[in-house]
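Below are the chains, spelled out letter by letter.
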Amino acid sequence: MNTALIQDQSAVSFGSLSVPDTDDAGDDGLSMQIVTWNVGTAVPPDDVTSLLGLNSVDTRIDMYVIGLQEVNSMINKRLKDAIFTDQWSELFMDTLSPFGYVLVTSERMQGQLLLVFAKYYLLPNLQDIQTDCTRTGLGGYWGNKGGVSARLSLCGHMICFLNCHLPAHMENSEQRMDNFESILQLQQFNGPVASGVLDHDVVFWFGDLNFRVEQYDIRFVKNAIEKNKLGILWEKDQLNIAKAIEPALNGFQEGPLNFRPTYKYDVGTNTFDTSSKKRKPAWTDRILWRVKMSDCYDLSANTTLLARSKSPDGKNSHIQVLQHVYRSHMEYLISDHKPVTAIFSLKFSHKMQIPLIQLQVEDEWSKPSDAVVRYRMASSFAKSSWDWLGLYRVGFKHHKDYVTYVWAKHDEADAMKQCYQVMFNEESMPKGSGEYILCYYSNNFNTIVGVTEPFQIILPSTSSNSSKSDSSDSSSDGEEMSTLKLIRPKSRSPSPGKTKRRNSRSRSKSPAAPITRSLQGLNLTVSSKHKSKSRSPSPRGAQVSTSRQLQVPGGKTTAGDGQNSASSLRDTPSPSAPATLKNPAARGKDQTIPDAGAAIIGRPSGQAQELMVQARDMQQRDSAQPPRSSPKPFQSPRQDGAVALKFSEANQLSTGKTHQSVQVPVSESLPPIWQ
């Protein structure tokens, strides 16, 4: 069985869902990378791999927190982003999901965007997830400036991420602090624990904070940058000055600014602003952190130690925050700002011991009966009838990116032992082979609270029966067209299933016109008498021909009316007898056409006689020698060896005259247009 149970071990395993509650000097803790970038309404770049450090083999990251400012928020873009996923979110999801990172939550306020990603195995340890946003532009009515936040419980400790875009320009330092204080006051979360931003155990504050370098002119600043004397500029940095005097910034820490100022550059270059405004270079893009009740800060190690008297279960606990990397990325040129990243590790002396949901599945699902999921709930878990279990492919992007799901069951019979079982429907199961993960989604927590390790699904793909059905349909259509089959030269399809014809039951107002046009370019071959015994395509046997009189508009028959009864058909042939044409132009002799399958429709006398003579000549040539290989007008090979000739009664209807006509048997299997 594959399980998401917690295993006791002496060191932290990044694939584990919990750690022992003892201090361990060798514990590297939980690693986290924070990104802040003012993208200047630019289109996302093709690749952000180096920004996220995914090509580094030395760094293991458990969580990514990405804060963007000035994302394109024009009306048309906002409407599109409201319907579809915005381009930046899609870019980071596409980049991180193949590495096992899942989007935990996101928050968007106009141009500000906050994304939180975590490794799939960390999802059950992320609970109580909430987001908030505060507008400070235009007196609080516009969201071009302000802050977006996301808070969560990480292994039982409350963490808050705050992404801000504060007012610009050198002279607005006090306004920046006022906006920040407003954000801290207005951002409130539900629950008795950590309702405000500063109530959280750890706060990460980042974004385009827009603090500038005071006093020094632009030449002095650029000269200090070129000579790498950045320490001189730190003393005049507005944020460093504010941290010493502003109560709202008490406890916030930041690593050394050992990189070039990130603002302002000419777009597409690494050259500082050369426009007429000549903005002074500044570290506007910053990442800070604050640990609640900090009693020790080691500047040389960039670490803050949080001492807490008691953990929730009464044991001593503390959190240590260590910053490993703090840098800019000069290779990105799409904006006048450079992105800034920081990598932290969080060490917890005490972590949540047991997940709320423990899942068990088979290591491999090779048949539908293997798709059984057993799960156990913690006694404190608040279950809901809207909870569900989702099956995900390895590399899924977010909790809605499931392949299939099943509703969780909470039967009373199993309530005492808190152990339940569900089974996936065979029809909903993915076919083929692949790696999958099973997750339990809690409606009350609005997040995934249980997850398995990856397991294999190997189910045979269902073979398509479309070829069989197409063959059956083609056979049926072929049965209907067995008496007369029209084939253009070299028109056979390589796939029988793709030659399916539709049977049209509509007639033209003038039947002769479409029939005549359809015969153009076709071959009607008069088969010999010996070929008339060909097998019918229908399994029910050969078709039985019956005689009928074709009706024309007005209720008249094509065989003529009572005035020309002398020229009507004298005898009705039996189904097995050959059709006999009584032709006045045949010098009193009866001319027989074997197995005629259509009737000669009445025409003006001269034209009718000419057509009948042509039919007689065709019969004589057929009995004297084999059919010629060269195509003849109105000739086509017939599968049943019969001749199909049909002419229009259009002339008769247009002139109102009746002419001598002949009636011959018509096969029942002719399509309506030929009947």
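Residues numbered from 1 in each chain as written. Predicted model: local features only at pLDDT ≥ 70, side-chain atom pairs only at ≥ 80, totals over all residues. Heavy atoms only, no water.

Caption draft 1: Structural detail: the state of the cysteines. As enumerated under the stated definition, the model contains zero disulfides in all. In this structure Cys160 is not part of a disulfide, and its nearest cysteine sulfur, from Cys164, lies 9.6 Å away. Among the residues examined, Cys160 registers a relative accessible area of 0% and is labelled buried. (Disulfide = S-S within 2.5 Å. Buried < 20%, exposed > 50% of the residue type's maximum accessible area, 1.4 Å probe, protein only.)

Caption draft 2: Just the sheet that holds strand β9 (residues 202-208), in detail. Taken in spatial order, the six strands of this open sheet run β6-β7-β8-β9-β11-β10, and their pairing is mixed. Strands with a single pairing partner mark the edges of an open sheet, and in this sheet they are β6 (126-137) and β10 (252-253). Lying on the sheet, helix α4 (residues 173-186) is in contact with β6, β7 (142-154), β8 (157-165), β9 and β10; it crosses β6 at an angle near 140°. With respect to the sheet, helix α7 (residues 238-245) is in contact with β9, β10 and β11 (285-291), its orientation differing from that of β11 by roughly 20°. (Pairing = 2+ DSSP bridges. Helix = DSSP H or I, 4+ residues; strand = E, 2+ residues; numbered from the N terminus. Contact = heavy atoms within 4.5 Å. Axes fitted to C-alpha atoms, helices over the stretch in contact; angles between N-to-C directions.)

Caption draft 3: Structural context of α4. Taking 1.5 Å of rise per residue, 14 residues should cover 20 Å, and α4 covers 20 Å from first to last C-alpha, within 8% of that figure. Restricting attention to buried positions, one finds in α4 the residues Ser173, Arg176, Met177, Asn179, Phe180, Ile183 and Leu184. In an axial view of α4, the angular spread of the buried residues amounts to 160°, which keeps them on one side of the axis. What points out from α4, more than 90 degrees from its buried face, is the exposed set Glu174, Gln185 and Leu186. Where the residues of α4 are buried, they touch β6, β7, β8, β9, α7 and β10. (Expected span 1.5 Å × (residues − 1). Arc of directions from axis to C-beta.)

Caption draft 4: Main features of the side chain of Lys119. Structurally, the position occupied by Lys119 is in strand β5 (residues 112-119). Buried charged residue Lys119 carries no salt bridge. Nearest counter-charge: Asp62, at 7.1 Å. When residues no more than four places from it in sequence are discounted, the contact partners of Lys119 are Ile61, Asp62, Phe99, Gly100 and Tyr101. (Lys, Arg positive; Asp, Glu negative; His and termini not counted. Salt bridge = Lys/Arg side-chain N within 4 Å of Asp/Glu carboxyl O.)

Caption draft 5: Structural context of the pairing of β5. Of all eight residues in β5, eight are buried, a share of seventy percent or more. Burial along β5 is two-sided: Gln112, Leu114, Val116 and Ala118 facing one way and Leu113, Leu115, Phe117 and Lys119 facing the other are all buried. Here strand β3 (residues 63-69) runs beside β5; their pairing, made up of six bridges, is antiparallel. Across the sheet, Gly67 pairs through a bridge with Leu114, a residue of β5. Direction of pairing for strand β4 (residues 101-109) relative to β5: antiparallel, over a ladder of eight bridges. For Thr105, the partnering residue across the bridge sits in β5 and is Val116. Between β4 and β5, which pair antiparallel and follow one another directly, the connecting turn spans two residues, one of which, Gln110, has a positive phi of 50°.

Caption draft 6: Seen up close, the nonpolar core. Of all hydrophobic cores here, the largest spans 58 residues; its most connected members are Met32, Met63, Leu154 and Phe204. By residue number, the principal contributor to this core is strand β15 (residues 340-348), which donates five residues. By size, the runner-up hydrophobic cluster in this structure holds 26 residues, among which are Ile357, Trp365, Tyr375 and Phe455. (Core = buried A, V, L, I, M, F, W, Y, C linked by side-chain atoms within 4.5 Å.)

Caption draft 7: Quick look at a nonpolar patch on the surface. A cluster of nonpolar side chains, namely Trp386, Tyr402, Tyr405 and Trp407, defines an oily patch on the protein surface of about 450 Å² accessible area. You can see Trp386 is positioned in the loop between β18 (372-377) and β19 (388-393). What makes Trp386 exposed here is its relative accessible area of 54%. (Patch = residues over 30% accessible without salt bridge, like charges linked within 9 Å, V, L, I, M, F, W, Y side chains within 5 Å. Areas by Shrake-Rupley, 256 points an atom, 1.4 Å probe, with all protein chains shown as cover.)

Caption draft 8: How the structure looks around the side chain of Asp370. By the element assignment, Asp370 lies in the loop between β17 (364-365) and β18. Owing to a relative accessible area of 11%, Asp370 belongs among the buried residues under this scheme. There is a polar contact of 3.0 Å between the side chain of Asp370 and the backbone nitrogen of Ser366. If we skip the residues at most four places from it in the chain, Asp370 touches Glu362, Glu364 and Trp365. (Polar contact = N/O pair within 3.5 Å; in protein donor to acceptor, adjacent residues only side chain to side chain.)

Caption draft 9: Geometry of the pattern of salt bridges. Tallied over the entire structure, the rule returns seven salt bridges. When the shortest N-O distance is used, the salt bridge between Glu226 and Arg260 registers 4.0 Å. Highlighted residues: Glu226 in helix α5 (residues 218-226) and Arg260 in the loop between β10 and β11, separated in sequence by 34 residues. When its relative accessible area of 59% is taken as the criterion, Glu226 is described as exposed. Measuring nitrogen to oxygen at the nearest pair gives 3.2 Å for the salt bridge that ties Asp370 to Lys367. When salt bridges with common partners are traced through the structure, they connect Glu90, Asp94 and Lys397 into a single cluster.

Caption draft 10: Spotlight on the packing of aromatic side chains. Applying the stated rule across the entire model yields 28 aromatic pairs. Here a set of aromatic residues connected by ring pairs shows up, and it is made of Trp386, Trp388, Tyr392, Phe396, Tyr402, Tyr405, Trp407 and Tyr441. Across the ring face of Phe211, the terminal group of Arg176 is positioned such that the distance to the ring centre comes to 5.3 Å. The lysine or arginine in question, Lys338, covers the ring of Tyr265, its NZ or CZ lying 4.9 Å from the ring centre. (Phe/Tyr/Trp six-rings, centres within 6.5 Å; stacked < 30°, edge-to-face > 60°. Lys NZ or Arg CZ within 6 Å of the ring centre and 35° of its normal.)

Caption draft 11: Fine view of unusual backbone geometry. Backbone torsion omega between Tyr263 and Lys264 reads 0°, so that peptide bond is classified as cis. Mapped onto the secondary structure, Lys264 falls in the loop between β10 and β11. Positive phi, normally seen in glycine, also occurs at Gln110, with a value near 50°. The topology assignment puts Gln110 in the loop between β4 and β5. Although it is not a glycine, His169 sits at a positive phi angle of roughly 80°. Take His169: its relative accessible area is 35%, and that puts it in the partly exposed class.

Caption draft 12: Structural detail: the pairing of β3. For β3, the buried fraction is high: seven of the seven residues fall into the buried class. For strand β2 (residues 30-38) and β3, the ladder comprises seven bridges, and the chain directions are parallel. When the sheet's bridge partners are listed, Trp37 is paired in β3 with Leu68.

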